[in-house]
Structure formats: C-alpha cells, structure tokens
Amino acid sequence: RMPTLISGSTGVNKIQDGTITNADINASAGIDDSKLTGVFVEGSNSNGRYIKFADGTLMQWCRFAKTGLSFNDIGGNWFRTANFTNTFPIAFYDTNVSSFFTSSRHYVASLSNNGGTISTTTYGWLIKTVVSGSSYDVEISALFIGRWKA
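Below: a short report on this structure. In this numbering scheme, every chain counts its residues from 1 along its sequence in written order. Only residues with pLDDT of at least 70 are given local features in this predicted model, and only at 80 or more are side-chain atom pairs given and counted; all residues enter the totals for whole chains, interfaces and linings. Each side-chain value is derived from all of the structure's non-hydrogen atoms; neither hydrogens nor water enter the calculation.

1. Concerning the overall build of the protein chain
Secondary structure summary: the protein chain contains two helices and nine strands in total. Where helices and strands are cited, they refer to DSSP runs of H or I of at least four residues and of E of at least two residues respectively, numbered from the N terminus. Starting at the N terminus and ending at the C terminus, the protein chain contains elements arranged as α-α-β-β-β-β-β-β-β-β-β. Only protein chains enter the accessibility calculation, which uses a 1.4 Å probe; a residue is then buried when its area is under 20% of its type maximum, exposed when over 50%, and partly exposed in between. Counting across all 150 residues of the protein chain, residues that qualify as buried make up 31%. Note on contacts: a residue pair qualifies if any of its non-hydrogen atoms lie within 4.5 Å across the two residues. Taking as baseline every contact in the protein chain between residues at least 6 positions apart, the subset at least 24 positions apart corresponds to 64%. Only the protein chains shown count as cover for residues, and the accessible areas themselves come from Shrake-Rupley with a 1.4 Å probe. Surface summary for the protein chain: the accessible area is close to 8800 Å², and the carbon and sulfur share equals 50%.

2. Observations regarding the side chain of Thr129
For Thr129, the location among the structural elements is in strand E8 (residues 122–129). Take Thr129: its relative accessible area is 0%, and that puts it in the buried class. With residues up to four places along the chain from it excluded, the contact list for Thr129 reads Phe71, Asn77, Trp78, Phe79, His106 and Tyr107.

3. As for the pairing of strand E2 (residues 48–53)
One requirement defines pairing of two strands: DSSP has to find at least two bridges between them. Relative to strand E3 (residues 57–75), E2 is paired through four bridges, and the arrangement is antiparallel. Bridge pairing links Ile51 to Met59 in E3. In sequence, E2 turns back onto E3 through a hairpin of three residues, with Gly56 there showing a positive phi of about 105°.

4. Some words on the nonpolar core
Nonpolar cores are built from buried Ala, Val, Leu, Ile, Met, Phe, Trp, Tyr and Cys residues. Side-chain atoms within 4.5 Å join them into one set. With 25 residues, the main nonpolar core has Phe71, Phe101, Tyr123, Trp125, Ile127, Ile140 and Phe144 as its most contacted residues. Broken down by secondary-structure element, the contributors of at least two residues to this core are E3, strand E7 (107–111), E8 and strand E9 (133–147). Excluding anything up to four places from it in sequence, Tyr123 contacts Cys62, Phe64, Phe84, Thr85, Asn86, Thr87, Phe88, Phe101, Leu111, Thr117, Ile118 and Phe144.

Structure representation (structure tokens):
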C-alpha cells in the first residue's frame with residue numbers, strides 16, 4: 001500500500017487549485033525541511049530557469065535579446081538605454097537579491113539606478129555603453145541569487 005502524503009479535504013483542495021507547496025508535502029510525510037540539503041527543485045518557463053536549494057537559496061537565470069536599441073548621452077562619454085522591466089521565472093521570498101549581468105559586444109547591463117529596481121517578481125535594468133547611436137542589437141544574460149523561503 002502506498003503511503004498517503006496529503007490527506008483530508010484541505011490537502012486535496014491545495015492539489016486541485018495548485019497551491020500545494022513542498023512544505024505541505026514534507027510536513028504530511030513527517031519530513032523536517034531544516035534537515036534537507038542539496039537541490040530541492042528546478043525548473044524553467046518562458047522567463048528563464050531556476051533552482052531552489054533545500055536551504056532556501058534560489059538561483060535564477062534569464063537570457064534575452066533586445067533589438068534596435070537607441071542610446072542616450074548621460075555624460076562622461078557614457079550612453080544608456082531606457083529602463084526595461086522583466087519578470088523572474090518564479091518569485092523570490094524578499095528583495096534581498098544579488099544580480100550579475102553579462103552582455104554581448106561592448107555593453108554593460110545592470111540594474112536600473114532609479115530606485116525600486118527589484119521586487120519579488122520583477123527587475124528593472126538598462127544597458128550602458130561608450131558607443132552612441134541607434135539600432136543596436138544586444139544579448140543579455142543575467143543571474144540572480146536570493147531566497148525562496150526564510
């Protein structure tokens with residue numbers, strides 16, 4: 001006989017409406033989350049890839065291209081794009097998130113510096129360069145590290 005991991009109407013409802021969590025499953029099976037180590041779950045969607053670690057660490061990778069970009073002079077021989085906003089593959093627990101950007105050619109991608117650039121579900125970013133002009137195509141890769149649980 002298979003053990004029952006989720007019992008009662010509350011567990012069934014959570015499964016049906018998609019709100020069941022790994023903590024629900026572990027608690028019903030008598031597993032102490034604090035004793036888990038290693039990769040807890042990994043996945044991907046149209047916004048990127050993610051790995052949740054058992055200790056609560058969450059790593060997310062996002063890769064995308066921007067085409068036909070124009071750069072505005074911001075002084076000091078630097079030029080920048082307008083701000084962009086993207087959605088994380090899954091939500092972070094809070095906004096204490098580290099970010100690392102790489103970009104093609106001679107561009108620097110970074111979080112926007114106009115405040116409120118990371119929420120638990122989205123991030124604002126821009127591209128800077130020492131080359132002025134328009135109609136540039138850029139590929140961006142970004143890594144974000146934060147927490148999925150306290």
